[in-house]
Amino acid sequence: ILVEAKLSTNGQMVHGYSTQLKTYAEAEEPMHCVFLVIDVGRMGKKLEKVYECKNRASGDQLPVSDIEVVDGTKQLSASKRK
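*Asks:* Explain the packing of helix α1 (residues 13–28) against helix α2 (residues 46–59) to me, please; I cannot follow it from the model alone.
*Replies:* A pair of packed helices is captured by two measures, namely the crossing angle of their axes and the spacing between those axes. In the contact formed by α1 and α2, the axes pass within 8 Å of each other and the chain directions differ by 20 degrees. Considering their axes alone, α1 and α2 lie roughly parallel with respect to each other. The handedness of the crossing between α1 and α2 comes out as right-handed. Mapping the contact onto sequence places Met 13, Val 14, Tyr 17 and Ser 18 in α1 and Lys 46, Leu 47, Lys 49, Val 50, Cys 53 and Lys 54 in α2. Its residues placed into classes, the contact of α1 with α2 shows 6 nonpolar, 1 polar and 3 charged.

*Asks:* How should the nonpolar core be read in this particular structure?
*Replies:* Membership of the largest hydrophobic core comes to 13 residues, with the highest contact counts inside it found for Met 13, Tyr 17, Leu 21, Phe 35, Val 37, Val 50 and Ile 67. At the level of elements, α1, β2 (33–39) and α2 are the ones that each hand at least two residues to this core. Looking at this core element by element, the count peaks at 4 residues for α1. Sequence-distant contacts of Val 50, that is, excluding residues within four places in its chain, are made with Met 13, Val 14, Tyr 17, Phe 35 and Ile 67.

Definitions and cut-offs
Residues numbered from 1 in each chain as written. Predicted model: local features only at pLDDT ≥ 70, side-chain atom pairs only at ≥ 80, totals over all residues. Heavy atoms only, no water. Axes fitted to C-alpha atoms, helices over the stretch in contact; angles between N-to-C directions. Helix = DSSP H or I, 4+ residues; strand = E, 2+ residues; numbered from the N terminus. Parallel < 35°, antiparallel > 145°, perpendicular 65-115°, else oblique. Left-handed = near helix turned anticlockwise from the far one by under 90°. Contact = heavy atoms within 4.5 Å. Nonpolar A, V, L, I, M, F, W, Y, C, P; charged D, E, K, R; others polar. Core = buried A, V, L, I, M, F, W, Y, C linked by side-chain atoms within 4.5 Å. Buried < 20%, exposed > 50% of the residue type's maximum accessible area, 1.4 Å probe, protein only.

In structure tokens:
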């Protein structure tokens, strides 16, 4: 599995999905690719643009990578949440 991770603050998120991940996948030939977005705030419209890129590629019958988003904002420790 190939995972490309980007913080939500990264201004090159679309480039990471459409170009970097594709380039790495062509070189490594993994069985599966995942684009991991770690949401630490300041996402703006970047994730929406990444999904648009994925949908265009899918509509053109091109291979697409999964997109996963995780909450990377600071949270209270589980032992302190009461």
